[in-house]
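# Examination of the molecular architecture
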Amino acid sequence: MKGSYDIMIVGIGGQGTILASNIIGEACILEGRTVRGAETHGMAQRGGSVESHVRIDGKFGPLIAPGIADLLIGFDLLEGLRYSHFLRPDGKIVLSERLVIPTSVYVQHLAIPSSEELVKQLSRFDLTLIKAEEIAKEAGSVLASNVVMLGAASHQIPLDESSLIQAVQRLVPRKTIEINTRAFTMGRKVGPGC
Amino acid sequence: MDQRYLLGNEAIALACLESPVGFVSGYPGTPSSEVIEILAAHPDRSSYVEWSVNEKVAFENALAAAWCGVRSLVTMKHVGLNVAADPLMTSAYTGVTGGFVIMSADDPFAHSSQNEQDSRMYAKFAKIPCLDPSTLQEAHDMIRDAFALSEALGLPVLFRPTTRICHSKSNVTVGPVLPYSGKGEFHKDPRQYVVIPAHTRILHRKLNEKQPAVRKRILESGYNQYHFRGKRAIIASGIAAAYVQEIIPPDVSFMKIGAYPIDEEWLAGFVRKHQEVLVVEELFPVVEEVVREVAGTVTILGKKSGHAPYEGELSPESVARIMESCGFSPAVHYSSVQPAPDLPPRPPILCAGCMHRPVFYAIKKVFRDGIYPSDIGCYTLGLQLGAVDTTICMGASITVGSGFSHAGEERDIVATIGDSTFLHTGIPGLLNAVYNGANMTLVILDNRTTAMTGHQPNPNTGCTACGGLSPQISLEALCRACGVAHVEMVDPYDLVMLTAALKTAKSLPGVKVVIAKQPCVITARRAGVRRGKYRVDPDTCTGCGTCIKFGCPAIEQQDEKAWINDLCSGCAVCAQICPAAAIGREVSR
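Parameters and conventions
- Residues numbered from 1 in each chain as written.
- Chains lettered and ligands numbered in written order.
- Predicted model: local features only at pLDDT ≥ 70, side-chain atom pairs only at ≥ 80, totals over all residues.
- Helix = DSSP H or I, 4+ residues; strand = E, 2+ residues; numbered from the N terminus.
- Rg over C-alpha atoms; globule rule 2.2 N^0.38 Å.
- Buried ≥ 20, exposed ≤ 12 C-beta atoms within 10 Å, placed from the backbone.
- Contact = placed C-beta atoms within 7 Å.
- Domains from an automatic or database assignment.
- Axes fitted to C-alpha atoms, helices over the stretch in contact; angles between N-to-C directions.
- Parallel < 35°, antiparallel > 145°, perpendicular 65-115°, else oblique.
- Left-handed = near helix turned anticlockwise from the far one by under 90°.
- Nonpolar A, V, L, I, M, F, W, Y, C, P; charged D, E, K, R; others polar.
- Pairing = 2+ DSSP bridges.
- Core = buried A, V, L, I, M, F, W, Y, C linked by C-beta atoms within 7 Å.

## Some thoughts on the overall build of chain B
Assigned secondary structure in chain B consists of 22 helices and 22 strands. In terms of C-alpha radius of gyration, chain B reaches 27 Å, essentially the compact-globule figure of 25 Å for 589 residues. If you line up chain B on its principal axes, its C-alpha atoms span 80 × 65 × 55 Å. Taken over 589 residues, chain B has a buried fraction of 53%. In chain B, 76% of the contacts between residues at least 6 apart in sequence involve partners at least 24 apart.

Now the structure itself:
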């Protein structure tokens, strides 16, 4: 029996996975709960595949073992599939519809993955696709896509909505508090379990 | 006392401010870099903070401060400690008066490193204490205790977090930031600080005489603990202790090692109460070797019995597998799931508009048959472009190049090195190459920053760690002072001039230097540089693939034609390589 709720947040360096995981961590502090996390730093951020592990109520190590994550939040279809083995069989995926083709595909003449094919490979999981960029633009900035995704996944996360919103407001740049709060709320409206 | 969600390096930095530390120096290196960045930017900092030119320089600066009675910290990654190993070994002899903590961040699995060495061995080698945290709270508390421990023993203390401490996060209890108001004062004592043979022989004996006190203090620190629960036991250290604690069965005894050297009598008392003991630790069997020494007839399992690996990092699932292979049933079972097969990789890549890409492109054009020694930095990614043949350690592009030259290699040698790495350990290599008459071309990739580790400033940037202005040094004058007769500066975005400069260098004998100069595209964007984007005219594009092979992440392929996405930073190099002249500046309508 594990005592933590384990979330993987995956994407491409620069998409804001670290901010999203920080918001969850901050919300845990607001609720007086323990939390553990692990991130990709350094050169791997240069357009590479990145993963954040967050363990709500975690008391031991920061890493989530494959096959035990409760929730996967993906900012890119390909990255969602790449880390899907971290989910437990009945785990949930909340995934942005965005797909960035890796440059390696063109340079090495690999088969170009299609969105339909990637989604099909994830069909064994409880999967919800989110038009994160469209919603973020509507909220005021495409840069808030990560907060839209967090909002969309928030019904699954065992933290109060108010704690998550307060954490968003504490962590985003002051000028963007309004946009990000809106992005979270709009994301929450389209997420699974609402 | 305050609960916060912190990055490991943030917890370490805050602990320094609580101690409080008076002097901090270091050289950037993943996973250690954030400590100095956080300290330099902290509004309540009262200590001196610097980015030094290399780890040896950083170490000696901090050591001097500790000799003046100032609490000092020096930070680096594990391989940086090799550069600083010379002062490290003798600083144990001289000792310190102010607390001196050496942070050497290890990187099991070499996430961002050239090897997987284990800094705990350096502590043993130098005969100084070593603290090895298993949680972020422990990392925080150990820093605070390390200064006191160093002062009590008069010895430097090695603090050795790993990537999974530095770059993981946790709720951490932190204390108030205290102002540092001390002033360093050096008390002359040649017998202590001038290590001529007559002095150093005595100092070595004194260091050895300190060892029982070191072991006693380590035992009293409480970082090594055990719970006696049954006839079998697991001993774990560092982050592996956290993995073990999550899944250890309730009838198995547990010992956590967080501080070295381990008191052997204390250890023997625990080990000999069991029939079988499994040791779980990353990298070198530092704990296991001591356990085996005191084991008597107790069966010891671990690396030497073939149950645990000597390389790579451990993980919750690998620790569970080690336990299972030794007959311990983990309290949590991890199923062996496989990742989805055959997915296209997404490795880190040089940014769109990075100045390194056209340099590698031009080197490969001009020196088609050349050998390309390179160095440590973002530009090591030139490997993907086939323009990096060797990388071993900081500064070794130049020395490997001159070695090839004198070994009789007849092909052209073109070494590449970044500005920060050149200033770190490149200069002696250049001096040596000129002095000994090597034939080679050196291209300095001058982007004015230490980009790979997060854009830390260096003497070439024009500012210091805390943002103060510094005199801009001239790489050209430095190279000329080393005796290089031919030094040429070029703009790497100007492919014609870049190619011409490389051709000139190729035609000349001796050591030639080409300095390719453009700010890092990330720092340029932050500074507000906007060049306008480029686009491909689909009617003119022949789909030849020349720009695709260039490997810029802004260039995609759609319906057999090239297409430029939003990542374009406007460097215009692709427009210069396109044989059909199909790429031009985007015109707003």
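## Points about the overall build of chain A
Tallying secondary structure elements over chain A gives eight helices and six strands in all. Starting at the N terminus and ending at the C terminus, chain A contains elements arranged as β-α-β-β-β-α-β-α-α-β-α-α-α-α. Here chain A has a C-alpha radius of gyration of 16 Å; the compact-globule value for 194 residues is 16 Å, and the two agree. If you line up chain A on its principal axes, its C-alpha atoms span 50 × 40 × 35 Å. A total of 194 residues make up chain A; the buried ones form 58% of that total.

## Let's talk about the domain arrangement of chain B
Here the domain parsing of chain B yields domain 1 (2–221), domain 2 (225–325), domain 3 (356–526) and domain 4 (534–585). Of note, the centres of domain 2 of chain B and domain 3 of chain B, computed from C-alpha atoms alone, are 47 Å apart.

## Overview of the packing of helix α6 (residues 145–153) of chain A against helix α8 (residues 177–190) of chain A
Residues and elements named next belong to chain A. Viewed as axis vectors pointing N to C, α6 and α8 meet at an angle of 40°, and their least axial separation amounts to 6 Å. By the angle between their directions, the pair α6 and α8 is classed as oblique. When the axes of α6 and α8 are compared, the crossing they make is right-handed. On α8, the residues touching Val147, Val148, Met149, Leu150, Gly151 and Ala152 of α6 are Asn180, Ala183, Phe184, Thr185, Met186, Gly187, Arg188 and Val190.

## Looking at the packing of helix α7 (residues 161–171) of chain A against α8(A)
All names here are of chain A. One way to put it is that α7 packs onto α8 with a least axis distance of 9 Å and a crossing angle of 150°. Put simply, α7 runs roughly antiparallel to α8. Between α7 and α8 lies a crossing of right-handed hand. Residues Leu164, Ile165, Val168 and Gln169 of α7 touch α8, and the partners they reach there are Ile177, Asn180, Thr181 and Phe184. For the contact of α7 with α8, the class distribution of residues is five nonpolar, three polar and no charged.

## Focus: the sheet that holds strand β11 (residues 252–257) of chain B
The strands making up a sheet associate through hydrogen bonds between their backbones, and the pairing can be parallel or antiparallel. Residue and element names in this part refer to chain B. If you trace the five strands from one edge of the open sheet to the other, you get β9-β11-β10-β13-β14, paired in mixed fashion. Edge positions in the sheet fall to β9 (225–227) and β14 (299–301), since each has one partner strand and no second. Between one strand axis and the next, the sheet turns through 15° on average, direction left out of account. For strand β10 (residues 232–237) and β11, the ladder comprises six bridges, and the chain directions are parallel.

## Some remarks on the interface of chain B and chain A
Listed per partner, the contact involves 44 residues of chain B and 44 residues of chain A. Breaking the side of chain B that touches chain A down by element, the ones donating at least two residues are β1 (2–7), β8 (168–174), α11 (238–247), α14 (316–325), α21 (546–549) and β20 (555–558) of chain B. Each residue belonging to the side of chain B that touches chain A can be placed in one class, and the counts come to 22 nonpolar, 14 polar and eight charged. Sheet topology note: the strand β2 (residues 35–38) of chain A/β8(B) ladder contains three bridges and is antiparallel. Paired with A:Arg36 across the strands is B:Ser170, a residue of β8(B).

## Some details on the sheet that holds β8(B)
Pairing within the open sheet is mixed, and its eight strands lie in the order β6(A)-β5(A)-β4(A)-β1(A)-β3(A)-β2(A)-β8(B)-β1(B). On the outer flanks of this sheet lie β6 (126–130) of chain A together with β1 of chain B, each paired with one strand and no other. Sheet twist, expressed as the average angle between the axes of neighbouring strands with direction ignored, equals 20°. Here helix α7 (residues 136–153) of chain B sits on the sheet in contact with β1 and β8 of chain B, set at roughly 50° to β8(B).

## Considering α14(B)
Among all positions in α14(B), only B:Pro316, B:Glu317, B:Val319, B:Ala320, B:Ile322 and B:Met323 are buried. The positive-phi residue at the C-terminal boundary of α14(B) is B:Gly327, with phi of around 85°.

## Some words on the nonpolar core
Counting residues in each nonpolar core, the largest one holds 166 residues, and the members touching the most others are A:Val148, A:Met149 and B:Val280. Excluding its chain neighbours within four sequence positions, the residues that come into contact with A:Met149 are A:Ala20, A:Ile73, A:Phe75, A:Val94, A:Ser96, A:Ile130, A:Ala132 and A:Gly187. If you look at the next biggest cluster of nonpolar residues, it comprises 74 residues, including B:Ile349, B:Phe367, B:Phe422 and B:Val443.

## With respect to the environment of B:Tyr379
Residue and element names in this part refer to chain B. Following the sequence through the fold, Tyr379 ends up in the loop between α15 (356–366) and α16 (396–406). A C-alpha to C-alpha distance of 9.7 Å links Tyr379 and Ala451, two positions 72 residues apart in sequence. In this structure, Tyr379 is in contact with His356, Ser374, Thr416, Gly418 and Leu445, ignoring residues within four places of it in sequence.

## What to know about the pairing of β10(B)
Residue and element names in this part refer to chain B. A large share of β10 lies buried, amounting to five of its six residues. As defined by bridge partners, β10 adjoins strand β13 (residues 276–280) across five bridges and the pair is classed as parallel. Bridging across to β13, Arg232 finds its partner in Glu276.

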